[in-house]
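Here is what each chain is made of, one letter per residue.
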Amino acid sequence: MQHLGDVRVDPGRARVYEHGWQSWSPALAYRVGETPLRPGTEAARVMNWRPDTRPPADAFWGEGLLAVDPGDGSGIHVLAAPPGADPVPSIRADVRGDRVVLAADGAVEHAVDPGPDGLHGALGRWGQTHAARCGLGPLRPAPTLWCSWYHYSTDVTEADVEENLDALGELDLAVDVVQLDDGYQAEIGDWLVDSGRFGSLRETIGRIVDRGLRAGLWIAPFLVSPRSALAREHPQWLVPEATAGVNWGQELRVLDVTHPGAEAHLRTVFTTLRGMGVDFVKADFVYAGAVPGRRADRTASGQEAYRRGMAVVRESIGDAYLLGCGAPILPSVGLVDAMRISPDVAVHYSPTHGGAFGPSQWAATANGRGRAWQHGRLWVNDSDCLVVRPAVERRAEWAAHVERYGGLRASSDRLRNLDEWGLVTTRRLVRPVPAEPFVLDEAALG
Ligand code: 9PG
């Protein structure tokens, strides 16, 4: 690591903002005496932090972005990767009494923003400038959604979608897109093969479109299950020995999009889905595409492979709306319309699995605030779905969070399970939001 300089701070008031690698990684501000969250397991490090780095337990660590508020009004220090940095550098901040010692493993720009609006103001201005330097065009506001995941999980069936389509018609909800999540596919990687348990993807999409709604689909385009037909038939399309972690009870392999056969396959998958009527894509677990490894194109880094893979997705789906999820944040600027900026919400408030930053209302809320400055600048923020059925703990707090920080508004309850409050709240909050920055105050960072 190269030393970047020292910042003098007021140890009682100073804060450090760590920006994590991908959607599900923590992006939080800490007081300098606090201990930052770190992965508890190897799977969490790969899937929720960054596969190619090991953040220290005793120092702050940002992936491509870290900010220091000295707490004395002298301005916010923003340390950030320049546009196109590959690899995105890691930035380290060690607290030594009344100094914060900064270092990075690659080129980093260091600016002092005079404020006076704290970390959020400085980060928002950094985001605005970064977007312009990346040549980002106008942002597309998100459609409103109904999503199957947070009630049905992988057990969703064609009949469940049908039931909610009926309910949407009866309940007067302003939903544009019905987005089918994980569960329709035979295997991770075999996206065009129906799971016998689900029913028919093609017919489900047809039913959505027949009702005058737009069809949305979840897919994890760079993941391959070792159990899939794809892995069996085309082992040369996988990045040798690379792992994207563990989920669905299996170790996940990585698609090598720099292999011409794999790239052609990716195009076929997305043009076929587009041809079926898919008009909204939730491209999930896409950090996998950037996992380092030996690819067919030896000149391509993980990040380069990721960008190429996402470009293939974009080209193949035409003007369908593209939501990134589990996505490396800085390398995705310009590639997606909307971005999940938090771990998953859950029925419970505190994490019950997946470690300290596992699926939970607490973690989703913390990151929704920590990345609120990105909305309307880098993309539309997806702060995760509104879930307001009676079973949801502290549901009014979650609804208030979605109302304040949700740029993409999606309902993910079984609609017939909503009581009167849940229904009124869903009607009120599932509506279009302008793709313009939120007005934030310092309370946003907690
Ligand atoms: C479908 C889900 C939903 C959800 C996504 C994503 O670290 N993990 O093991 C991990 C697993 C699942 C997950 C996030 C992290 O959820 O965010 O909205 O689409 O996949 O499987």
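Owing to the predicted nature of the structure, the values given are computational and were not obtained by experimental measurement.

What about unusual backbone geometry?
With an omega of 0 degrees, the peptide bond between D86 and P87 qualifies as cis. Relative to the assigned elements, P87 resides in the loop between strand 6 (76-80) and strand 7 (90-96). Residue P116 is bonded to the preceding G115 through a cis peptide linkage, with omega at 10 degrees. Relative to the assigned elements, P116 resides in the loop between strand 9 (109-113) and helix 2 (118-133). Residue S153 is not a glycine yet carries a positive backbone phi of 50 degrees.

Side note on the site of the ligand
The immediate surroundings of the ligand are formed by 16 residues, with Y150, D181, D182, K282 and D344 found nearest. A distance of 2.6 Å separates an oxygen atom of the ligand from a polar side-chain atom of D181. At 2.7 Å from an oxygen atom of the ligand is found a side-chain nitrogen or oxygen belonging to D182. Compared with its free state, where it exposes 460 Å², the ligand has 88% of that area covered by protein. Judged by the fraction of its atoms near the pocket grid, the ligand is located in the largest pocket. For the shell around the ligand, the secondary-structure elements that each account for two or more residues are helix 1 (42-48) and helix 3 (149-152).

Focus: the nonpolar core
Membership of the largest hydrophobic core comes to 121 residues, with the highest contact counts inside it found for Y17, V178, Y184 and L408. The element contributing the most residues to this core is helix 7 (residues 260-276), with six residues. Both domains that meet at this core, namely domain 1 (2-133) and domain 2 (145-445), each give it at least three residues. Sequence-distant contacts of V178, defined by excluding residues within four places in its chain, comprise W146, V161, L165, L168, I208, L213, R214, A215 and G216. Among the nonpolar cores identified, the runner-up in size contains 23 residues, and Y30, L37, A44 and L66 belong to it.

Parameters at a glance
Residues numbered from 1 in each chain as written. Predicted model: local features only at pLDDT ≥ 70, side-chain atom pairs only at ≥ 80, totals over all residues. Heavy atoms only, no water. Helix = DSSP H or I, 4+ residues; strand = E, 2+ residues; numbered from the N terminus. Near = heavy atom within 4 Å. Polar contact = N/O pair within 3.5 Å; in protein donor to acceptor, adjacent residues only side chain to side chain. Areas by Shrake-Rupley, 256 points an atom, 1.4 Å probe, with all protein chains shown as cover. 1 Å grid on protein atoms, 1.4 Å probe; cavity = no way out; pocket = protein on both sides within 12 Å on 5 of 7 lines; lining within 4 Å. Sits in = over half its atoms within 2 Å of the grid points. Core = buried A, V, L, I, M, F, W, Y, C linked by side-chain atoms within 4.5 Å. Buried < 20%, exposed > 50% of the residue type's maximum accessible area, 1.4 Å probe, protein only. Domains from an automatic or database assignment. Contact = heavy atoms within 4.5 Å.

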